[in-house]
Amino acid sequence: MTVVVGTAGHIDHGKTTLLRALTGIDADRLPEERRRGMTIEVGYAHLAFDDGRVVDFVDVPGHEKLVGNMLVGAGEIDAVLLVVAADDGPRAQTFEHLGLLDALGLSDAIVALTKIDVLRGDSERLAAGREALRALVDRSSLAGSPIVAVSGTTGEGLDELRQELRTLVDRVAGRTGSGRAVSEHPARLAVDRVFSVKGRGTVVTGSLRGGPLEVGDSLDVRPGRGRLRVRELQVHNARVERIEGGGRAALNVVGPGVDRLSRGALLTADPAVAVTRRLLVRLHPPFDAAPGAEWPPAANAPLRVFIGTDQADAAVGRGRTDGTTLDDGSHVATLRVGCPMAVAAGDRLVLRRPVPIGTVAGGVVLDASPPTGPSRKRMTPERLVALAMAAAPDADRGAVAAARLALHGALPSVGPGWLLASDVADLLGSDAIAIVEAAPDGIGHAELRGDVVRGLRRRVAVPIAAAEIVATDLIAGAIAAGHLALDGDLVHLPGRAAAGPSPDTLAAMDRLEFLLAVTAPPSLGDAARAAGCPPDGIRALESAGRITRLEDDLAWATSTYRNLEGEALRLARTGPLAPAALRDATGTSRKYVMALLEDFDRRGILRRTQAGHVPGPRAPR
Ligand SMILES: Nc1nc2c(ncn2[C@@H]2O[C@H](COP(=O)(O)OP(=O)(O)OP(=O)(O)O)[C@@H](O)[C@H]2O)c(=O)[nH]1
Ligand SMILES: [Mg+2]
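Everything quoted here is computed from the prediction, not taken from an experiment.

Student: Requested: an account of the overall build of the protein, with residues and values cited.
Tutor: Helix and strand counts for the protein stand at 17 helices and 32 strands. For the protein, whose C-alpha radius of gyration is 36 Å, the value lies well above the compact-globule estimate of 25 Å for 621 residues. Here the C-alpha coordinates of the protein stretch approximately 120 × 55 × 35 Å along the principal axes. In the protein, the proportion of contacts linking residues at least 24 apart, taken out of those at least 6 apart, comes to 65%. Summed over its atoms, the accessible surface of the protein is roughly 28400 Å², and 52% of this surface lies on carbon and sulfur atoms.

This is how it looks when you write it as structure tokens:
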């Protein structure tokens, strides 16, 4: 099992040196880093224990100007190695990094009190340093982490550090079930480096979440629309066919748009990842927030959000429905981001302010695509709190789905179709009944469905095609439950038969029937218009059997249709009937004849053979 551990700590406190002593790998690989003796870019090293436990280290810079790079490294780690120089004690970036780790909610950590060789055995100073560090760390999410005294130069204390790393691997694995942060999810990799390799093309690196991933797999590029294929996989510079997930991975990828890949992109097969400019998040204040500091963060103030290896301008929404504060002081807020970000519920985030620079809040994504349009009205404090509580790590997983449904009112279901929140379903059901009650003659099914669709879309954001499916299901449900009744195409209240058509409609029906009583009738639409016959008049003619409809727009007066049927049968009895013979006998055209023959065939009046139509099994004697 592989666990990703990120370093953190003030500049020059010995992070990179300690990793070199532990792993033999120099994470400072850039010439400029080596020349200046400081980390600039995120670096990598790894330690494989004999027992199969593996630690992949992500080494970050401590420089105050490089906090952005620190967050690229810290965005996808499982655990932390906080490094503090024993001769210097906690300094500005010790506090700042600790604040960021706390914001990200990281809790599995080891604190390395390093450079103890410089103290030259001054045990009092060492004890005091330990004590101060204990007090600091215990105020943060890293509370209770072991503190190990080490030296990256002499190697003192490294055995104890290795032992603590083994324990740390087990702790992370125990928490996530398998050493992977999101093991039950499909593979996802937040890109932290992109480079070209001669002859092989583009290679990206990152910490592989979820999984597994195999050579040949395809991954979506988010944001964006690209889809890439994994041509080659590498772990610790060695080619592999498959990675279970967890740990650092290098992917040689091919496909359209591969040349536009950059840090911050997400490669994923996880449908739960949404590309969004609006997020619903739960924020908590920094662990070292100054007393009286503004909380929750001011609405609309310019901020910057960091998620995974990506970052963007951001602002907290200020609408009445945009947020609410929970009993524990955490705050549910809508976050608008300046450019589309790829996120999923559960992703950790840090909110920073540009001036004076600093961390404003940490948090977690509750909903990557919060309600839009009419559903925004549903964002009541109660529903927001319910979602925040359901998203807590120890809550049951079905609770999140239920809370999201209550918040949105309607959501696509996992299978085909849509789910409705029960309050929406109830309202729509009573709407439908009220609409039918208000129509004493009943109402056409299509018209009722249209009304229900409009009612639904006034209340919650549902695409029209989905709303039509929902409305059809809902009406069918009301009929099945006996709240409504269906008669032909007419919906009415149960126990009350639909009243007959009005006198005007009756007259128009007579006219329409007359217009269709010819062997080659006009289209039904044209005839109905000419007769002034409304749709329910057509339905009434049809259900009374006065007209026979073969296609949407093709119908005969039933008397004429019967005559045509009799003629066809008479001819077929004298020998196999060809379409042309029926056409000539009836004085129509091929269009009518084909529709008629097909209909007779379907009803078993005639039977189609190679030679032509002959009397069918249901032909009258
Ligand atoms: N004596 C002594 N010197 C150390 C020790 N660890 C690091 N140093 C020295 O401290 C300086 C900084 O070490 P780095 O490992 O580069 O520090 P860093 O924390 O990685 O620094 P940034 O990446 O720039 O934040 C170097 O000159 C190291 O040789 C140690 O345990 N003992
Ligand atoms: Mg360094």
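Having seen the model, we can carry on.
Student: Tell me about the sheet that holds strand β1 (residues 2-8), residues and numbers included.
Tutor: With respect to topology, six strands assemble into an open sheet ordered β2-β3-β1-β4-β5-β6, the strand pairing being mixed. With one partner strand each, in any of the chains shown, β2 (43-48) and β6 (147-149) form the two edges of the open sheet. Taking each pair of neighbouring strands and ignoring which way they run, the sheet shows an average axis angle of 25 degrees. The sheet contact formed by β1 and strand β4 (residues 79-85) spans four bridges and is parallel. When the bridges of β4 are listed, Val5 appears paired with Ala79. Contacting β1, β2, β3 (54-59), β4 and β5 (109-114), helix α1 (residues 15-23) runs over the sheet at an angle of about 155 degrees to β3.

Student: Outline the site of ligand 1, supporting the account with residue identities and numerical values.
Tutor: Within the structure, ligand 1 sits among 20 residues, and Thr16, Thr17, Thr39, Gly62 and Thr153 are positioned closest to it. In the environment of ligand 1, an oxygen atom lies 3.1 Å from a nitrogen or oxygen atom belonging to the side chain of Lys115. Burial of ligand 1 by the protein chains amounts to 78% of its free accessible area of 650 Å². Sort the elements by how many residues they give to the shell around ligand 1 and α1 lands first, with three residues.

Student: Summarise the coordination of the magnesium ion (ligand 2); cite the residues concerned and give the values.
Tutor: Of the protein atoms, only Thr16 (OG1) and Thr39 (OG1) coordinate the magnesium ion (ligand 2), at distances of 1.9 to 2.0 Å. Note that Thr16 is positioned in helix α1 and Thr39 in the loop between α2 (31-36) and β2, a separation of 23 residues in sequence. Here the two residues Thr16 and Thr39 agree in accessibility, since each one is buried.

Student: Got a sec to walk through helix α7 (residues 381-390)? Specific residues and values, please.
Tutor: By the burial criterion, the buried members of α7 are Leu384, Leu387, Ala388 and Ala390. For α7, the angular spread of the buried residues around the axis is 165 degrees, confining them to a single face. Those residues of α7 hidden inside the fold are in contact with β17 (274-284), β20 (323-325), β21 (331-343), β23 (358-367) and α8 (397-408).

Student: Which residues make up the confidence of the model for the protein, and what values go with them?
Tutor: Mean pLDDT over the protein stands at 91; residues scoring 70 or higher make up 97%. This stretch, residues 178-182, has a pLDDT under 50; its non-local contacts, to residues over four places away or in other chains, come to 18 contacts.

Student: Describe the pattern of salt bridges, naming the residues involved and giving the relevant values.
Tutor: If you walk through the whole model with that rule in mind, you get 40 salt bridges. Among the salt bridges present, the one from Arg53 reaches Asp51, with a minimum N-O distance of 2.3 Å. With its nearest N and O atoms 3.1 Å apart, the salt bridge here joins Glu542 to Arg549. With a relative accessible area of 33%, Arg549 lands in the partly exposed category. Taken together, the shared-partner salt bridges in this structure form one network comprising Arg562, Glu565, Asp599, Arg602 and Arg603.

Student: Break down the side chain of Arg53 for me, with residues and values.
Tutor: Tracing the sequence through the fold places Arg53 in the loop between β2 and β3. At a separation of 2.6 Å, a polar atom in the side chain of Arg53 contacts the side chain of Asp170. Residues within four places of Arg53 in sequence aside, it is in contact with Met1, Leu47, Ala48, Arg166, Val169 and Asp170.

Student: How would you sum up the sheet that holds strand β27 (residues 485-487)? Please name residues and give values.
Tutor: Strand order across the open sheet formed by three strands is β26-β28-β27, with antiparallel pairing between neighbours. This sheet does not close on itself; its edge strands, each paired only once, are β26 (443-444) and β27. Relative to strand β28 (residues 490-492), β26 is paired through two bridges, and the arrangement is antiparallel. Pairing of Ile443 across the sheet is with Val491, part of β28.

Student: Please give an account of the environment of Gly174 that cites residues and values.
Tutor: Here Gly174 shows up in helix α6 (residues 158-176). Residues Gly174 and Ala149, spaced 25 residues apart in sequence, show a C-alpha to C-alpha distance of 26 Å.

Student: Could you give an account of a negative patch on the surface, with specific residues and numbers?
Tutor: Negative charge collects at one region of the surface, where Glu551, Asp552, Asp553, Glu598 and Asp601 lie side by side. Examined against the element boundaries, Asp552 turns out to sit in the loop between β29 (547-551) and β30 (554-557). Judged by its relative accessible area of 66%, Asp552 is exposed.

Student: Lay out the packing of aromatic side chains with the relevant residues and their values.
Tutor: Under the criterion given, the structure shown has two aromatic pairs. Plain terms: the ring middles of Trp556 and Tyr592 are 5.9 Å apart, the flat faces sit at 65 degrees to each other, and that makes the pair edge-to-face. Here Tyr592 lies in helix α17 (residues 590-603) and Trp556 lies in strand β30, a separation of 36 residues in the sequence. Residue Trp556 is classed as buried on the basis of its relative accessible area, which comes to 0%. Exposure remark for Tyr592: the relative accessible area of 9% places this residue in the buried category. Taking the ring centre of Tyr592 as reference, the NZ or CZ of Lys591 above it sits at 4.7 Å.

Cut-offs applied
- Residue numbers restart at each chain and count upward from 1, following the sequence in its written direction.
- Labels follow written order: the first chain is A, the first ligand is 1, and so on.
- Owing to the predicted nature of the model, reporting of local features is limited to residues with pLDDT of at least 70; listing and counting of side-chain atom pairs is limited to 80 or more, with chain, interface and lining totals taken over all residues.
- Where side-chain values are given, they derive from all heavy atoms of the structure, hydrogens and water being excluded.
- Under the scheme used here, helices are H or I runs from DSSP no shorter than 4 residues and strands are E runs no shorter than 2 residues, and both carry numbers assigned from the N terminus.
- Using C-alpha atoms as the atom set, the radius of gyration is obtained and then compared with a globule rule of 2.2 Å times the number of residues to the power 0.38.
- Throughout, a contact is declared for two residues whenever any of their heavy atoms are within 4.5 Å.
- For the area figures, the Shrake-Rupley method with a 1.4 Å probe applies, and any residue is considered shielded solely by the protein chains shown.
- Strands are labelled as partners when DSSP assigns at least two bridges between them.
- Angles here are taken between N-to-C directions and fall from 0 to 180 degrees, while the axes themselves are lines fitted to C-alpha atoms, restricted in helices to the stretch in contact.
- Only heavy atoms are used to decide nearness, and a residue is near a molecule or strand if one of them lies within 4 Å of it.
- Residues adjacent in sequence count toward polar contacts only when both atoms are side-chain atoms; beyond that, a polar contact is any pair of N or O atoms within 3.5 Å, and within protein one must be able to donate a hydrogen and the other to accept it.
- A 2.8 Å cut-off from the metal defines N, O and S donors, relaxed to 3.2 Å for Na, K and Ca; water is not in the atom list, so some sites may appear incomplete.
- Exposure is judged per residue with a 1.4 Å probe applied to protein chains only, and the accessible area is read against the type maximum: over 50% gives exposed, under 20% gives buried, and values in between give partly exposed.
- The reported arc concerns the directions from the helix axis to the C-beta atoms and nothing else.
- Think of pLDDT as the predictor's per-residue confidence, scored from 0 to 100.
- Salt bridges, as used here, are contacts in which a Lys or Arg side-chain nitrogen is within 4 Å of a carboxyl oxygen on Asp or Glu.
- Each patch is built from salt-bridge-free residues with over 30% relative accessible area, joining like charges within 9 Å and nonpolar side chains (Val, Leu, Ile, Met, Phe, Trp, Tyr) within 5 Å.
- Neither His nor the chain termini are counted; the positive set is Lys and Arg, and the negative set is Asp and Glu.
- To locate a charge, the coordinates of NZ of Lys, CZ of Arg, CG of Asp or CD of Glu are taken.
- Any Phe, Tyr or Trp ring, taking Trp's six-membered ring, that has another such ring centre within 6.5 Å forms a pair; planes under 30 degrees apart are called stacked, those over 60 apart edge-to-face, and the others tilted.
- Charge-over-ring contacts are defined here by two conditions on Lys NZ or Arg CZ: a distance within 6 Å of the ring centre and an angle within 35 degrees of the ring normal.

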